[in-house]
Amino acid sequence: MSNEENKVRIAAVADIHMREADKGKWAAWFKELPQKADLLLIGGDLTDTGDEQEAQLLADELKSCTLPVAAVLGNHDYEKGRHKLIRQILQGVKVIILDGESVVLNGIGIAGVKGFGGGFDMHMLSMFGEGAMKAFVQECVEEALHLDRALARLDQEYENIRKVALMHYAPIADTVKGEPEAIYPFLGCSRLAEPLSRRHVLAAFHGHAHIGQFQGEAAGGVKVFNVAKHVLHTNGYEEPFFIYEV
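Described below are features of the structure shown in this document. (Residues numbered from 1 in each chain as written. Predicted model: local features only at pLDDT ≥ 70, side-chain atom pairs only at ≥ 80, totals over all residues. Heavy atoms only, no water.)

1. With respect to the environment of Met127
Right, so step 1: Position of Met127 relative to the elements: it lies in the loop between β6 (108–112) and α4 (131–157).
Right, so step 2: Among the residues examined, Met127 registers a relative accessible area of 41% and is labelled partly exposed.
Right, so step 3: Spatially, the C-alpha atom of Met127 lies 30 Å from that of Ala228, the residues being 101 residues apart in sequence.
Right, so step 4: Not counting residues up to four positions away in its chain, the partners in contact with Met127 are Lys134, Val137, Gln138 and Val141. (Helix = DSSP H or I, 4+ residues; strand = E, 2+ residues; numbered from the N terminus. Buried < 20%, exposed > 50% of the residue type's maximum accessible area, 1.4 Å probe, protein only. Contact = heavy atoms within 4.5 Å.)

Below, the structure is given as structure tokens:
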């Protein structure tokens, strides 16, 4: 099979923030998407207020999409403590919700985590001081470990598989630039980038930073894309999807 025949088109979006007012808005986009892509990745904040009714609205819209769909949850999906219900509702329309797991769709290995905050590079928070601060930092450490294990499983089970990562929080600072620097520690963490480089991931997709930058690069040349629908709109995308070909 030639490289051209083996190419896979990934559609990616994050921060859908589904609300009652959005009913009927996404179905047409989802229906047309198979003409442009081979699979769909959604990087968290599927709902606006973490309500299961919003999840059901999105599930109804996704019924028009015939592509394989994988997603992670975002902070908004946890807001009301109903994230398990949200997960169940979306799984009911065959959306694969990743939380430290991996899946292979159309020959592409996808590892997914929510991620967490903690800051970037020389300004990362350290595990020092009060218990609350240590718990905050530990959350991102654990998310990075989950991501690494999910990627490792792909390497163990499949030889030379093409790998991408899906998360909600950002793994690098470059794609959150434009946001107030004071909130950088709450937008992502560099600890999430280390598994990307070490496991030779081709690309990572995230959201959360609505006024961040569209593209950056982690160590080792890993391409990182902020696919929050707000960022895509700012960058001239008429439809709320970024198509990445691997």
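2. Regarding the sheet that holds strand β9 (residues 215–218)
Across a sheet, paired strands are connected by hydrogen bonds in the backbone, their directions being either parallel or antiparallel.
Right, so step 1: The strand order across the open sheet formed by 6 strands is β5-β6-β7-β8-β10-β9, and the pairing between neighbours is mixed. A strand with exactly one partner marks an edge of an open sheet, and here the two such strands are β5 (101–105) and β9. The average angle at which neighbouring strand axes cross in this sheet is 25°, direction not considered.
Right, so step 2: Pairing analysis gives 5 bridges linking β5 to β6, with the strands arranged antiparallel. Bridged to Val104 within β6 is Gly109.
Right, so step 3: Packed onto the sheet, α4 meets β5, β6 and β7 (162–166) and runs at close to 40° relative to β5. (Pairing = 2+ DSSP bridges. Axes fitted to C-alpha atoms, helices over the stretch in contact; angles between N-to-C directions.)

3. Some remarks on the side chain of Asn226
Right, so step 1: Of note, Asn226 is situated in strand β10 (residues 222–226).
Right, so step 2: When residues no more than four places from it in sequence are discounted, the contact partners of Asn226 are Thr175, His206, Gly207, Ala209, Gly212, Gln213, Phe214, Val231 and Leu232.

4. Comments concerning the packing of aromatic side chains
Right, so step 1: In this structure the tally under the stated criterion is 17 aromatic pairs.
Right, so step 2: Measuring from centroid to centroid gives 5.0 Å for Phe214 and Phe242, while their planes differ by 85°, and the two rings are edge-to-face. Note that Phe214 is positioned in the loop between β8 (203–206) and β9 and Phe242 in strand β11 (residues 242–245), a separation of 28 residues in sequence. Note on accessibility: Phe214 and Phe242 belong to one class, buried.
Right, so step 3: Between the aromatic rings of Tyr237 and Phe242, the centroid separation amounts to 6.2 Å while the plane-to-plane angle is 90°, which identifies the pairing as edge-to-face.
Right, so step 4: Look at Tyr237 and you get partly exposed, because its relative accessible area is 27%.
Right, so step 5: Three or more aromatic residues joined by ring pairs form one cluster here, namely Phe205, Phe214, Phe225, Tyr237, Phe242 and Tyr244.
Right, so step 6: One cation-aromatic arrangement involves Lys114 over Tyr78; the distance from NZ or CZ to the ring centre is 5.6 Å. (Phe/Tyr/Trp six-rings, centres within 6.5 Å; stacked < 30°, edge-to-face > 60°. Lys NZ or Arg CZ within 6 Å of the ring centre and 35° of its normal.)

5. Notes on the pattern of salt bridges
Right, so step 1: Summed over all chains, the structure comprises 14 salt bridges.
Right, so step 2: The residue Asp51 makes a salt bridge to Lys80 at a minimum N-O spacing of 3.3 Å. On the criterion of sequence distance, the pair formed by Asp51 in the loop between β2 (39–43) and α2 (52–62) and Lys80 in the loop between β3 (69–72) and α3 (83–91) is long-range, its members being 29 residues apart.
Right, so step 3: A salt bridge links Arg198 to Asp148; the nearest nitrogen and oxygen atoms lie 2.8 Å apart. In this pair, Arg198 sits in helix α5 (residues 193–198) while Asp148 sits in helix α4, placing the two residues 50 residues apart along the sequence.
Right, so step 4: Overall, the relative accessible area of 43% leaves Arg198 in the partly exposed class.
Right, so step 5: For Asp148, a relative accessible area of 12% gives the class buried.
Right, so step 6: In this structure, a network of salt bridges that share partners links the residues Asp51, Glu52, Lys80 and Arg82. (Salt bridge = Lys/Arg side-chain N within 4 Å of Asp/Glu carboxyl O.)

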